[in-house]
Amino acid sequence: MRVGRFTINDVLWSSLRECQQGSVQTALNYVSTPLEEEVKSCLISLPTGAGKSGVIAVVSQKATQQSVLILCHRRAVCDQLYTEVSGGFFRDRAEGEDISLKPVYDKVDDTSRHGIYVTTFQKLQTFDSSQLEQLKRNIDLVIVDEGHAEPSPVWRNLVRNIQAHKIVITATPYRNDLFQFDIDAQSSYIYTFENALINGILKEPDFQVIEGNKLVSNIRRFLDDNADAKCIVKCNKFSDVENYYSILNANFNLLAIHEQYAGDERENVKSSVPKRLKDSDYEVIVHQRKLDEGVDIPQAKLLVLTYVVNSGRELVQTIGRVVRLYKDVSAVVLEFDRDDNAQMWANYRRFDRTLGNQDSLKKFIGSLDTSALINGYMNSFPDSSYYGNRFLEKFNLNDFDPLVSLNIPTASVCFLNKLESFRPELMAEKLYWRCASAGELPKRFSTSLGIEVIVSIAFRKSEYLIDQFFFEPSLEITLFKEVSAGMVAIYDSRGRQYSGDKILRLGGAIPQDQLVSMMASGHSALTKEASSRSVSSARKRPESFAVKARDLDNIADMQGNAAYRLSTMKFDLYDQRNEKSGSYYIGVDSGRISDQKNCSFTLPELDVWLDSVTLIVSRETRVDSQLVQSFSKPIAGDESLVVKSLIFDFSEYSAPLIIQINGSGYEIDNDFLFCAVDTDGEFKLISGEECSKLSVMIENEEPYLAIDAEGGNYSFDQYRYTVDQKFSDFLFSKLHKALLSDGVGFSQGKFYQLSLPVEGGLDFSNSQLANVVIGLESLLGSGLDEKGYQNREYQVVNQGFSPNSIFYLLDKLRANHMPNPSREDLGPFNQYLPEADLILNTDMGTEPADFILSSPSKLVYVHVKCGASSTRPMSSAGGIAEVGSQAIKNIEMLISRNQNLRAGNWTELCSPWPRPDHPQLMHERIRLFRGELFSADNQAEREQALDEVWQEIAQRRQSLAVKKEVWIVSANSFSVGNFSNQLAQGHNARSESLQAYQLIQSWLSTARNNDVDLKIFVSP
C-alpha cells in the first residue's frame, strides 16, 4: 500500500482504523518534508482509546529518519510503547507478514546507533547539558506522547536548536499547552471524541451521582448485569486506597495497587500493576493513578471517581479507560454527592465538538501559529490612526526600533548581583525562549547602549470569564544591562522577579546598604513608608508589618524593629532650599529602585538614569537614618549552621495551591506554612505525607540555602514563574524565612541575628518593664489551675470558681460590693484595678477574653493560662507565648468604637459556665455589675442584664476618658525573678529569656500603637 512516498504492508494498513490511517498519512507526509531553519511540529490528536500506540509504532518504523526518539511521561506508557514499537503491534495486526523493523532500544544513555529509542521525560531531566547536546546531534525525529500530562520543561531545552522533525501526539489538544511545541498548522490531524462515537470506536460514558453508602450495591448490580466486566476505583491518595480496600474487599474479588504496598504480604495488594491484568479474575481494582494510562483492560466498563479530578487532561485520560468497546457493555462513571466530574467532562465534550467541522478545526489549528494569530489581529487595524493629539503608525514588531519608539512609563529597575558564569547574550536568549514557550511572539534587540531588549506580544485569557474565553493582547518589555563588573540592572513590564534565577546566572539583590544609599543623593531625606519581614520566630508577633507617616525616622521603634529586616521603603529627597528633588521606592528583597517623581523615559534617557543610579549605589555611603538602622542587619553565615525550621509564604495566592506529588494531588493553604526540619535536614511539605519529604542545607555559595526536591515528581505548572522553573526553585522563591541554630535567621539570601537592647545587661527593676511584668505570689503553687479543672471536669463551688484556680483570684474582685472589704477579700489584683464595678466572665468559644473587668476609669480584658512549673518556673518565651498571642489578637474587642460589636461567643455568654452540657454549672457569668452582685430569677432577666452589661462595656470602650488595658495572667510558667536575673546577664542570658524580652517588647509596641496599656502577671 502506497502512502505518499512510503510503502506499508497491505494487511497492516487494512487493520488500521480510519483515524489511525489519517494520522499515519499526515505524520509521514510531515517527516518527508525537508528540514528548514525553523522546524515546526506536527500535531496528531486522537482521543484515548482510538489507537495512538499503533500510530506511534507505524510512524516511527516507517519514517525514513534513521534515529528516532519517542518520549512519554510515565514508565508504564514507555514500557507499553517499547513492546508495541519493537514488534508487538505488527504481530498483532499483521501476523505472519514479513515486515522489516528498525531496532528498538529502551536506554538512551548512548544514542550513537541507528534505531528507535523509547524513554521518559524524567530520564532526560537527569541529563546534563553535554548529554542533551549529544542527544540532539544524534536524533533525526522526535515523537512526543503527551498523554494527559502538562508540557514538560525538558521539551523546551530539547527543541532549542535541534535539527529534527517533531511529532506531538495528544488526547487533549489544548491551545495553551501546544504553544510550547510550535505547531505547524499545515501538518496537523485532529480526530475528535465525537468522530469516534459516530464511527463506533468509543462509547459515551454515563455519569451517575450516588450516595457513598450505596457504592457496594451499585458496583455489585453493574457486575451482575454485565458478565466479565471489571470496575476501576480511582483514588486521590494512599489513605483513600486503604479506605476503599476496607469497604470493598469483603464483597468483591479485589486488587489494590499503590507503591506503598511494597513488601505487603497480602495477595490482593500490589505495589505495581501486574502483567496481563486484563486476564485476571479481579472484579474491582482500586488504585491511585496506576491505571490512568499504559494499561490495557478492555473489560473495565465501570469507573468510580472518589474525588473531584482537578485536571481536565487527567479526567479525559481516566475516562478513556472505560469508553473503549467491550461486547455491548455501556460505560458508566460513578461519583459521590455532586456531579463536578460530569461537568468537567461536559466542558471537554463542548470543546471537542467545536473541532467537529472543518471551519472550526481550521480556526483552532490556525490559532496554534502564534505569529499568524498575532499578525491577523494586527492586520485588522489601519496603518495609521489619530490618537490624542497626533497621528500614530500601527505597531510592527519587525520594524520596531526601541532606541526611537520605546517608552518606559516608570523607571522601576532591579539591581542584581551576577554569578561568575553570567553571559548577557545567554540571558537574552533564555528570556526570548521563555516568552516563546509561553505562546508569545517575542523579538530580541541588542542596542548600541549595551541594553538588551526583549519585546513580546502576549495574549492572555481574560480572568473575568468562567465558561468562555477572550484573549487580551498586551505588549511586554523586558530589558537589562550590565551596569558594572558585578551588577545587572533589569526592567520588566510585568514586574517579574529575577533575584536568584540560577538559569539566568543571576544572584541575589545588591546589599541593602547600597540600595538605601539613594537616600544620600539629596541634601536630606524623609522616609514616608516602610515594610518589614520577621527574621526570627514570630509566634507572638506579625510576620511582617508596614507603616506610613510624614517622617518615620521620628517614630522608629528601635526595639520592635530589631526582630525584623527592612523589606521596602519610600522616601522623598530635598535640596538645600528644602524643596523636593526626588522620590524613590526601594525593594530590598528584589533589589528594586523605582523613581517615583520622574516618568516616561526613552531608552537613551533610561540609560542615563541607570548610569546615575549605578554611580550612587556603588559608593560606600553610610545613611544616617534611625529607621534604617533600627532594623536587623545581615551577618556572615557558614555551613556549620543547622536549619531548624522553614516558613513559606503562599499568602499572595487567592486560593489554596493544588499540586501533584508523584501523581497524587495535595492542597497547600494560601497562608504561611511552617515546616519543622529534622536532624537529617529533611522536612515534609505536606504534614504526615512521606512523599512530600524534601531536604534543606546551608551552602557557602549564593544563595546559601538550598532546597532539594529531586526525590519526587512535582507538578505545579500553574504556579511556575517560568516554564523551566524547578520545584525547588519555586519553593525557595516562597521561602519567607528559615530559623537556624544559634538564633540565626535566614531570609532573602541573607543571614540575620537579633541584637537586643539587653545585649549589655538590663536593670529590670529600674526599667519600664518593671511596670509591665509583675510577679504575684499567688500565681505560683502546686494544685493551681487556670479554671479549676479537676477529675476531668470544671469545678463549681457555691456558684463560684474553684479556690485552686486563677479564675477564682480574679473573681475575688467581686468583693467590691462589700461596704468595707479587706485586702484579702479583694485578692491580689485589686491594687491594679481599684473600685472595680463590673466583672463579666467571657470564657469559652470564640472569646474576646477570659474576663472583662472594669471600673469607671479603666476597662481591662484579661487572658489567663496556667503552666505546670509549680516550683521553679523559668522565663522562657514559651511560658507566655500562647496566652499573649490570644491577648494581642483580641485587642480589637477592647478598642473598637463600634457600639454594636459583640463577642464572638455571645450565645455562650447567655448560657451557664463553662457550657450547658457540663455536670457542674455556674449560672451567672455576670459576676459584678454597677458595683453589686448579680443573680437572675429567670433566663429572660439574665439575657436582659447581659445586654445592659455589654452596653456599659461598649460605652466605656468608646470613651476616651476610660483607660484601656490588656492583662496577661500566666501562672506556674514564667518567673519575673528569673527574668530579671537573666536580663542582667546581657548576651550571656538564656536565649529563651532573651526571646521572651523581645516578645514582650513586640506586644508592648502593638498595645501602645493602639493606645492600650499592657500588664503581664506571672510567678514571682
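Residues numbered from 1 in each chain as written. Predicted model: local features only at pLDDT ≥ 70, side-chain atom pairs only at ≥ 80, totals over all residues. Heavy atoms only, no water.

By the naming in an unreviewed UniProt entry, the chain goes by DEAD/DEAH box helicase and is assigned to Bacterioplanoides pacificum.

## With respect to the overall build of the chain
Defined as follows: For helices the rule is a DSSP run of H or I covering at least 4 residues; for strands it is a run of E covering at least 2, with both sets numbered from the N terminus onward. Here's how the labels work: a residue is buried when its accessible area is under 20% of the maximum for its type, exposed when over 50%, partly exposed in between, all with a 1.4 Å probe on protein chains only. Contact definition: two residues touch when any of their heavy atoms are within 4.5 Å.
Along the backbone of the chain there are 30 helices and 54 strands. Dimensions of the chain, computed from the C-alpha atoms along their principal axes, are close to 115 × 80 × 60 Å. Put simply, the chain has 1020 residues, and 54% of those count as buried. Partitioning the intrachain contacts of the chain with sequence separation of at least 6 by distance along the chain shows that 69% fall at a separation of at least 24.

## Structural notes on the environment of glutamate 932
Among the structural elements, glutamate 932 can be located in the loop between strand S52 (926–929) and helix H28 (939–958). When the C-alpha atoms of glutamate 932 and arginine 541 are compared, they prove to be 39 Å apart, with 391 residues separating the residues in sequence.

## Examining helix H10 (residues 215–225)
Put simply, the rule is: In this description, one arc is meant: the one made by directions from the helix axis to the C-beta atoms.
Turning to H10, its buried residues are Leu215, Asn218, Ile219, Phe222 and Leu223. The buried residues of H10 occupy an angular sector of 125° when the element is viewed end-on, so they sit on one face. Relative to its buried face, H10 has exposed residues pointing more than 90 degrees away, namely Asp224 and Asp225. Of the surrounding elements, those touching the buried residues of H10 are strand S10 (206–210), strand S11 (230–234), helix H11 (238–248), strand S14 (284–287), strand S15 (300–305) and strand S16 (332–336).

## Quick notes on the sheet that holds S52
Quick note on the threshold: For two strands to pair, DSSP has to find at least two bridges joining them. Axis definition: a line fitted to C-alpha atoms, limited for helices to the stretch in contact. Angles are taken between N-to-C directions and run from 0 to 180 degrees.
Reading across the sheet, the 7 strands line up as S44-S54-S53-S51-S50-S49-S52 and stay open at both edges, with mixed pairing between neighbours. In the strand order of this sheet, the two ends are held by strand S44 (773–775) and S52, each with one partner. The sheet shows a mean angle of 20° between the axes of neighbouring strands, taken without regard to direction. Note: strand S49 (residues 838–841) against strand S50 (residues 851–855), 4 bridges, orientation antiparallel. Note that in S50 the partner of leucine 838 across the bridge is serine 854.

## Quick word on unusual backbone geometry
In this structure, the amide linkage connecting tryptophan 913 to the following residue, proline 914, adopts the cis form with an omega of 0°. If you trace the backbone, proline 914 turns up in the loop between helix H27 (906–909) and S52. You will see that glutamine 799, though not glycine, has its phi angle at about 55°, which is positive. Checked against the element boundaries, glutamine 799 lands in the loop between strand S47 (796–797) and strand S48 (800–801).

## Describing the packing of H10 against H11
Counted only if it meets this: Oblique is the label for any angle not under 35 degrees, not over 145, and not in the 65 to 115 range, which are roughly parallel, roughly antiparallel and roughly perpendicular in turn. Rotating anticlockwise by less than a right angle from the far helix to the near helix defines a left-handed crossing, while the corresponding clockwise rotation defines a right-handed one. Gly is put with the polar residues, along with every residue not named as nonpolar or charged; the nonpolar set is Ala, Val, Leu, Ile, Met, Phe, Trp, Tyr, Cys and Pro, and the charged set is Asp, Glu, Lys and Arg.
Viewed as axis vectors pointing N to C, H10 and H11 meet at an angle of 65°, and their least axial separation amounts to 10 Å. Taken together, the axes of H10 and H11 lie roughly perpendicular to each other. Read as a crossing pair, H10 and H11 show a hand that is right-handed. Residues Leu215, Val216 and Ile219 of H10 lie in contact with H11, whose contacting residues are Tyr244, Ile247 and Leu248. Split into classes, the residues belonging to the contact of H10 with H11 amount to 6 nonpolar, no polar and no charged.

## Some points on the nonpolar core
Nonpolar side chains tend to gather and get buried jointly when the protein is soluble and globular. Heads up, the rule is: Residues enter a nonpolar core if they are buried and are Ala, Val, Leu, Ile, Met, Phe, Trp, Tyr or Cys, with the set joined through side-chain atoms within 4.5 Å.
Core analysis: the largest hydrophobic core is formed by 71 residues, its most contacted members being Val24, Ile70, Ile143 and Ile167. The contact partners of isoleucine 70, leaving out residues within four places of it in the chain, are Ile56, Ser60, Leu81, Val85, Ile116, Tyr117, Val118, Thr119 and Ile143. Ranked by size, the runner-up nonpolar core spans 53 residues in total, among them Leu901, Phe974, Val976 and Leu999.

## So, the sheet that holds S16
With parallel pairing, 7 strands are arranged side by side in an open sheet as S10-S16-S15-S11-S14-S12-S13. The strands lining the two open edges of the sheet, one partner per strand, are S10 and strand S13 (269–270). Of the strand pairs in this sheet, S11 and S14 are connected by 4 bridges, and their pairing is parallel. Bridge pairing in S14 places lysine 234 opposite histidine 287. Relative to S15, helix H12 (residues 312–319) is tilted by about 145°, and along the sheet it contacts S10, S11 and S15.

## Quick notes on the packing of aromatic side chains
The line we're drawing: Aromatic contacts are taken between Phe, Tyr and Trp rings whose centres are within 6.5 Å, Trp giving its six-membered ring; a plane angle under 30 degrees counts as stacked, one over 60 as edge-to-face, and the others as tilted.
All told, the structure shown has 33 aromatic pairs when counted by the stated rule. Considering the side-chain rings of phenylalanine 829 and phenylalanine 1017, the 5.2 Å spacing of their centres and the 85° angle between planes classify their relative orientation as edge-to-face. Here phenylalanine 1017 lies in strand S54 (residues 1013–1018) and phenylalanine 829 lies in the loop between helix H24 (823–826) and S49, a separation of 188 residues in the sequence. Across this residue pair, the class does not change: phenylalanine 829 and phenylalanine 1017 are buried.

## Focus on the pairing of strand S36 (residues 672–676)
Residues Leu673 and Cys675 of S36 are buried on one face, while the alternating residues Phe672, Phe674 and Ala676, pointing to the opposite face, are not. Judged from the 5 bridges that link them, strand S33 (residues 643–649) and S36 form a sheet pairing that is antiparallel. Opposite leucine 646, over in S36, you have cysteine 675 as the bridge partner.

## Thoughts on the pairing of S11
The element S11 is largely enclosed, with a buried count of 5 among its 5 residues. By the alternation rule, side chains of S11 split into Lys230, Ile232 and Lys234 and Cys231 and Val233, which are all buried. Bridging between S11 and S15 involves 5 bridges; their strand directions are parallel. Paired with lysine 230 across the bridge in S15 is alanine 300.

## Regarding the pattern of salt bridges
Test applied: Salt bridges, as used here, are contacts in which a Lys or Arg side-chain nitrogen is within 4 Å of a carboxyl oxygen on Asp or Glu.
All chains considered together, the criterion is met by 55 salt bridges. Where aspartate 572 meets lysine 528, a salt bridge forms, and the shortest distance between an N and an O atom there is 3.1 Å. Linking aspartate 572 in strand S28 (residues 564–574) with lysine 528 in strand S26 (residues 524–534), this pair joins segments that are 44 residues apart in sequence. Among the residues examined, lysine 528 registers a relative accessible area of 27% and is labelled partly exposed.

## Notes on the packing of helix H3 (residues 52–62) against helix H4 (residues 75–93)
Closest axis-to-axis distance for the H3/H4 pair is 9 Å, and the angle between their directions is 70°. Regarding the angle of H3 to H4, the classification is roughly perpendicular. Taken together, the residues of H4 that come into contact with H3 (itself represented by Ser53, Gly54, Ile56, Ala57, Val58, Ser60 and Gln61) are Gln80, Leu81, Glu84, Val85, Phe89 and Phe90. Each residue belonging to the contact of H3 with H4 can be placed in one class, and the counts come to 7 nonpolar, 5 polar and 1 charged.

## So, H28
This is how the line gets drawn: A helix is expected to reach a length of 1.5 Å times the quantity of its residues less one. In protein, a polar contact requires one atom able to donate a hydrogen and another able to accept it; more generally it is a pair of N or O atoms within 3.5 Å, and residues adjacent in sequence count only if both atoms are side-chain atoms.
In this model H28 runs 28 Å from its N-terminal to its C-terminal C-alpha over 20 residues, within 8% of the 28 Å that 1.5 Å per residue would give. What H28 keeps buried is the set Arg942, Ala945, Leu946, Val949, Trp950, Ile953, Ala954, Arg956 and Arg957. The opening residue of H28 is asparagine 938, an N-cap whose side-chain oxygen sits 3.2 Å from the backbone nitrogen of alanine 940.

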